[in-house]
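Coordinates in review
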Amino acid sequence: MHRAHTAFSLALSPMAHKNFATWLLSSNSSQKLIKATAAAAVRTYNSAAAEPFANGSTASYVEEMYNAWLRDPSSVHTSWDAYFRSNSYVSPPNLAPVQANTLPLSAFNLGGAVSAAPDSKTIDDHLAVQAIIRSYQIRGHNIAHLDPLEINTPDLPGNTSTKSIYANFSFGEQDMERQFKLPSTTFIGGDEASLPLKEILNRLENVYCNKIGVEFMFINSLEQCNWIRKRFETPGVLNFTPEEKRLILARLTRATGFEAFLAKKYSSEKRFGLEGCEIMIPALKEIIDVSTELGVESVIMGMPHRGRLNTLANVCRKPLNQIFTQFAGLEAADDGSGDVKYHLGTYIERLNRVTNKNIRLAVVANPSHLEAVDPVVQGKTRAEQFYRGDQEGKKVMSILIHGDAAFCGQGVVYETMHLSDLPDYTTHGTIHVVANNQIGFTTDPRFSRSSPYCTDVARVVNAPIFHVNADDPEAVMHVCKVAAEWRATFHKDCVIDLVGYRRNGHNEIDEPMFTQPLMYQKIRKHKNCLDLYADKLIAEGTVTGEEVKSVAAKYENICEEAFALAKTETHVKYKDWLDSPWSGFFEGKDPLKVAPTGVKEETLIHIGNRFSSPPPNAAEFVIHKGLMRVLAARKAMVDEKVADWALGEAMAFGSLLKEGIHVRLSGQDVERGTFSHRHHVLHHQLVDKATYNSLQHMYPDQAPYSVSNSSLSEYAVLGFEHGYSMTNPNALVLWEAQFGDFSNTAQAIIDQFISSGQSKWVRQSGLVMLLPHGMEGMGPEHSSCRLERFLQMSSDDPDYFPPESDEFAIRQLHDINWIVANCTTPANYYHILRRQIALPFRKPLILCTPKSLLRHPEAKSPFSEMSEGSEFLRIIPDRGPAADNASNVKKVVFCTGRVYYDLTKARTEKQLEKDIAIVRVEQVSPFPFDLVKEQANLYKNAELVWAQEEHKNQGCWTYVQPRFLTALNHSRDISQSDEQSTFSNTTTTTTTDNTNHESDTDSDSNSDKKSKPWLSRMFASDKGDTVATATSATGEFNAAKHFDLKNVRHDFNRPAGDAAAPGVRKTKTGRKISYTGRACGASTATGSKAQHIRELNALLNDAIST
Ligand SMILES: Cc1ncc(C[n+]2csc(CCOP(=O)(O)OP(=O)(O)O)c2C)c(N)n1
Ligand SMILES: [Mg+2]
């Protein structure tokens, strides 16, 4: 404490930088730096104190100590007093032992002064040399030759020449031959303990200011700093054997040859080539080689467009013909919507020829949204580590590849970085590779970031950053080797910044001279990396010119053969582009059979008892009194055989765990639950970190349960859980938003992955999104999860009533992109969670979850609704007097979610139980057409109303209205000619064809037409012939490819078939559904609590009246 204080005040005192080390500070920013240094001194004091005497980081401290001691020996700690009085080195308390290459100063003949006790000048000079060494280590990267074009330097203050490192110091030419002892914080000496100053400077210059710029001195660990210093400073680290050089050359030849081949064969196609940064391919291979050698068996990669095809071809060794078929515009032979070739993923198992070990490589499919794939890769990696029991990340690792502009521009990079060290999210070190071509589309770095480097974001997690000139293959390989070893040693993130350039425009068709004329003039004259390296190897005699040519020709032949093979392909197969195959999951399964979701009552009782019990060692484990009451209340419910929301959820989790299904719940504050209802983790009130999680102790052979409070991020954490869910279908992965509306900060994950992943990339996911939702007077935020948005993205056709059969529900689920539901009972919540696993396929589930219902006395379910024979109810019909007296019921109110409880209360108060039926739509999408029809038929004389508490333009209304009409039209007599007339706004019907209008009585008779996608139905010719379709098994339709314009019927006012504008279509009997609820609103605001209650009452009055 005392020393920390001293260090702080010394650093702040003007003297601290007057006499010493002023050269460290550039004039214009010195004040800022002094403060920063002061803060850093305090923050990093402990690690600095562990350093041996007079090393770089404590040099100024020791100097000040020494000066203070000269003035007044009693002003310093007695250990320092003893040191300064002694003639030889005495290790002060708490300081690390002398290192192998550290000898007392007195052991040297320092500049001719033969003396047992060095004079103060000698000490000053040594301290200065040490400070110079440290300065190189800290700031050498600022002036390293990183840019192959030599036009961009990091935007840092001060001089960029070497002199700036030590210009203000007083060494002159005469000092250059003086021998200086090397501190233990440098390895430039190798076996030598001292070197002449000139040699010290030369070596430092070479290590830190050449083609590699290492940024690492901000790391808070001395051990890690030393580790890095050793890897870069040790003499000879950059010496490669001829074999190694040939391997680099061969790999570079392939990387370069691949782009050249594509350019030749598909000159007008976009491919986002890697030219200017081809070294990325050998770099990735080096990382993988070294990592495999160190034990890694599976590498999961995420990357954007740039160099993606090259990576697939030359890193993953994906068959070239499969890649080339992507250029041919072939039809798909299977599911998948033909996402562009540089977005598809892949998965390959192969032998690594360098290490002779088997390795799995996956490149995760990624959307255009740059960096969105990062957390997905991390989640997938984490899951793979989990399932392999790889708790330290020794077998599975991730590599994330970034563009320079995206890496610094996209916030999700930062959010993902912050997962890197969290216990339940870490992947034990990710290697980030930035393909830094010093441009983003058309924008220069100086306009796209405010930080000196595009990699600065990584500093927040203390990741070392290795900048390297992409034109120096050997420097790049060294950096990659160090990065792989770093990860294997410390299991922490690190960054490789490959500074190259972009030879062409953003894509190959783009003209870069419009915007970067000078840069491109330089690029045009710049030899490519392969040629530069080949010239070097030829000049030094490692290879001959003929060899270089023959390696290139050989690869071109390989490409030609694959090209010929690709020409024989007639279809692309999306199955070849799956990044997460679920081997064995689909095989032998009936795709339309759902396993039962009810379980034995004794199982429920067992889970309930465990869930409501304190830890087995309850006597020592002190639980908060409030939680004792919660547990007691749970126990009482179990005794009564009823469950509230939290208990229903625990029943679902517990029963799945019993069945061997891993459950993972993640999100902000999920362990307790935002609304303090869950309490899965009990905390010992007296012992830190002592916790008990009963769901982890339900059964001895259960699957693991994990519940994790996450970082305060939606984008990264939702992406992470999505990635986790992709890995293994036999797991229930749930992400919970704090309040439903916060999910919109993860919108890119929702849009780009969750809603569309299957249709784009044939990738299924059973991820559950729990979104607290309900207008409860809490203001514009915290109320709505924006259910309407999820519904709008649902692929459920509003105008198509699928054929009715026993398999209606499962077929709908099979065909939909995701499920959207709003359950009102714990039992239904329990069933829908279990159904996620019971389904023979996986679909994401968007689930509105309640807030006030968590404690609502009526929102409870008897065990009988969860036990064997019970199931998820898509609709919960009215079970009261109205149902017994259906034909006399005057009104049926359909609703979803918590408003149901308000409606029933109002109905009871008004004694209208016989007159008004209330039907809950629990699964909103896919829409339960069949059950709605059934309910409407049951109450045949009743008026039909949809009641919702959300505003009219929000919630379910716009989604359910057209679907109600479709459902109703199937339940009433309605002839085709009648139907014509029911289109009240039909103005320009240009066809006499009625064949697309569905018969209300025989829904199967038109099933062929109905089962066609809407575009196909819309554009079918008058004669009923169909346009060519690319309908996949999942019902996707590639309109762009298959528009047959000859067949297009130009009638956009009135879609053919069963489509109709919402609200205008009526049945023959005039049956329709009307809306009751709030008017449209610009936000989800309901005003003050009082206003909210007024509006809710108005809704209830309206809905509950006859
Ligand atoms: C989130 C997002 N915003 C914008 C874009 C459009 N866009 C595509 S590439 C690109 C430039 C990317 O630059 P950089 O990250 O440096 O990669 P490079 O293309 O240079 O390899 C932009 C802005 C995008 N794909 N994703
Ligand atoms: Mg770029």
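As the structure is a computational prediction, the values presented were derived from the model and not from experiment. (Residues numbered from 1 in each chain as written. Chains lettered and ligands numbered in written order. Predicted model: local features only at pLDDT ≥ 70, side-chain atom pairs only at ≥ 80, totals over all residues. Heavy atoms only, no water.)

Taken together, the side chains of V622, L686 and V687 define a hydrophobic patch exposed on the protein surface, amounting to about 270 Å² of accessible area. Looking at the element boundaries, V687 is found in the loop between β15 (682-683) and β16 (691-692). (Patch = residues over 30% accessible without salt bridge, like charges linked within 9 Å, V, L, I, M, F, W, Y side chains within 5 Å. Areas by Shrake-Rupley, 256 points an atom, 1.4 Å probe, with all protein chains shown as cover. Salt bridge = Lys/Arg side-chain N within 4 Å of Asp/Glu carboxyl O. Helix = DSSP H or I, 4+ residues; strand = E, 2+ residues; numbered from the N terminus.)

Quick look at the pairing of strand β7 (residues 357-363) now. Bridge count between strand β4 (residues 298-302) and β7: four bridges; the pairing is parallel. Bridge pairing links S298 to R360 in β7. Looking at chain direction, strand β6 (residues 346-352) and β7 are connected through seven bridges and run antiparallel. In the sheet register, I348 faces β7, and the bridge partner there is L361. The loop that links β6 with its antiparallel partner β7 comprises four residues; one of these, N356, has a positive phi angle of about 60°. (Pairing = 2+ DSSP bridges.)

Scanning all chains against the criterion turns up 47 salt bridges. Measuring nitrogen to oxygen at the nearest pair gives 3.0 Å for the salt bridge that ties D175 to R178. Two residues, R271 and E508, come together in a salt bridge whose shortest N-O distance is 3.9 Å. On the criterion of sequence distance, the pair formed by R271 in the loop between α11 (242-265) and α12 (280-293) and E508 in the loop between β11 (494-499) and α20 (517-525) is long-range, its members being 237 residues apart. Pair check on accessibility: R271 and E508 agree, each one buried. Salt bridges sharing common partners tie together K121, D125, D175 and R178. (Buried < 20%, exposed > 50% of the residue type's maximum accessible area, 1.4 Å probe, protein only.)

Moving on, we come to the nonpolar core. Core analysis: the biggest nonpolar cluster contains 178 residues, and F324 and I496 have the highest contact counts within it. Looking at which element gives the most residues to this core, the answer is helix α19 (residues 473-490), with 10 residues. Residues contacting I496, with those up to four places away along its chain left out, are I287, I431, H432, V433, V434, F466, V468, V479, C480 and A483. In terms of nonpolar packing, the next biggest core, distinct from the first, is built from 53 residues, W645, L732, I816 and I837 among them. (Core = buried A, V, L, I, M, F, W, Y, C linked by side-chain atoms within 4.5 Å. Contact = heavy atoms within 4.5 Å.)

Across the sheet, five strands lie side by side as β23-β25-β24-β27-β28; this open sheet has mixed pairing. Where the open sheet ends on each side, the last strands, each with one partner, are β23 (875-876) and β28 (1073-1078). When strand β27 (residues 943-951) meets β28, the two strands line up parallel, connected through six bridges. Within β28, the position partnered with H951 by the bridge is R1078. Strands β24 (891-895), β27 and β28 of the sheet are contacted by helix α35 (residues 957-969), whose axis makes an angle of about 160° with β28. (Axes fitted to C-alpha atoms, helices over the stretch in contact; angles between N-to-C directions.)

On to the packing of helix α15 (residues 373-388) against helix α26 (residues 715-727). Look at α15 against α26: their axes get within 6 Å of each other, and the N-to-C directions meet at 45°. Between α15 and α26, the angle is such that the two are oblique. For the pair α15 and α26, the crossing hand works out as right-handed. Between α15, through P375, V376, Q378, G379, K380, R382, A383, E384, F386 and Y387, and α26, the contact on the second element is made entirely by Y715, A716, G719, F720, H722, G723, Y724, M726 and T727. Considering only residue class, the contact of α15 with α26 consists of 10 nonpolar, six polar and three charged. (Parallel < 35°, antiparallel > 145°, perpendicular 65-115°, else oblique. Left-handed = near helix turned anticlockwise from the far one by under 90°. Nonpolar A, V, L, I, M, F, W, Y, C, P; charged D, E, K, R; others polar.)

Summary statistics for the protein chain give a mean pLDDT of 83 and a share of 79% for residues scoring 70 or more. Within the model, the stretch residues 109-115 combines pLDDT values under 50 with seven contacts to residues more than four positions away or in other chains. Here residues 971-1066 is modelled with pLDDT under 50, and outside its nearest four sequence neighbours on either side it reaches 150 contacts, counting other chains as well. (pLDDT = per-residue confidence, 0-100.)

Spatial strand order, β3-β10-β11-β9-β8-β4-β7-β6: eight strands in an open sheet with mixed pairing. Taken across any chain shown, the strands that pair with only one partner, and hence form the sheet edges, are β3 (212-215) and β6. For this sheet, the mean angle separating the axes of adjacent strands, direction not counted, is 20°. Each of β4, β6, β7, β8 (396-403), β9 (430-436) and β11 touches α12; the most contacted strand, β8, lies at about 165° to it.

It is worth spelling out unusual backbone geometry at this point. Note that the residue after S925, namely P926, is joined by a cis bond; omega there is 0°. Considering the arrangement of structural elements, one finds P926 in the loop between β26 (923-925) and α34 (929-938). Non-glycine residue K641 carries a positive phi angle of around 60°. With respect to the element layout, K641 can be found in the loop between α24 (625-640) and β13 (642-643). Unlike most non-glycine residues, K689 shows phi in positive territory, near 65°. The exposed category is assigned to K689, whose relative accessible area is 74%.

Aromatic ring pairs are described here by two measures, namely the spacing of the ring centres and the angle between the planes. Enumeration over the complete set of coordinates arrives at 33 aromatic pairs. Here the aromatic rings of Y266 and F324 are separated by 6.4 Å at their centres, their planes lie at 45°, and the arrangement is tilted. Here F324 lies in helix α14 (residues 320-325) and Y266 lies in the loop between α11 and α12, a separation of 58 residues in the sequence. Neither Y266 nor F324 differs from the other in exposure class; each is buried. Ring geometry for F801 and F929: centres 5.4 Å apart, planes at 35°, overall tilted. A residue pair is termed long-range when its members are at least 10 positions apart, and F801 in the loop between α29 (787-792) and α30 (808-815) and F929 in helix α34 qualify at 128 residues. On the basis of relative accessible area, F929 is assigned to the buried category, the value being 0%. By way of ring pairs, the aromatic residues F801, F808, F894, F927, F929, W946 and F964 are connected into one cluster. Against the face of F563 rests K265, its NZ or CZ located 4.6 Å from the ring centre. A cation sits over an aromatic face here: K318 above W577, 4.4 Å from the ring centre. (Phe/Tyr/Trp six-rings, centres within 6.5 Å; stacked < 30°, edge-to-face > 60°. Lys NZ or Arg CZ within 6 Å of the ring centre and 35° of its normal.)

Our next topic: the site of ligand 1. Not every one of the 15 residues close to ligand 1 is listed here, only the nearest: H305, R306, S368, D404 and A406. With respect to ligand 1, the side chain of N437 contributes an N or O atom lying 2.9 Å from an oxygen atom. In the complex, the protein chains occlude 74% of the 580 Å² of accessible area that ligand 1 would expose alone. Ranked by residues supplied to the shell around ligand 1, first place goes to helix α16 (residues 404-409) with three residues. In the shell around ligand 1, the residues fall into five nonpolar, eight polar and two charged. (Near = heavy atom within 4 Å. Polar contact = N/O pair within 3.5 Å; in protein donor to acceptor, adjacent residues only side chain to side chain.)

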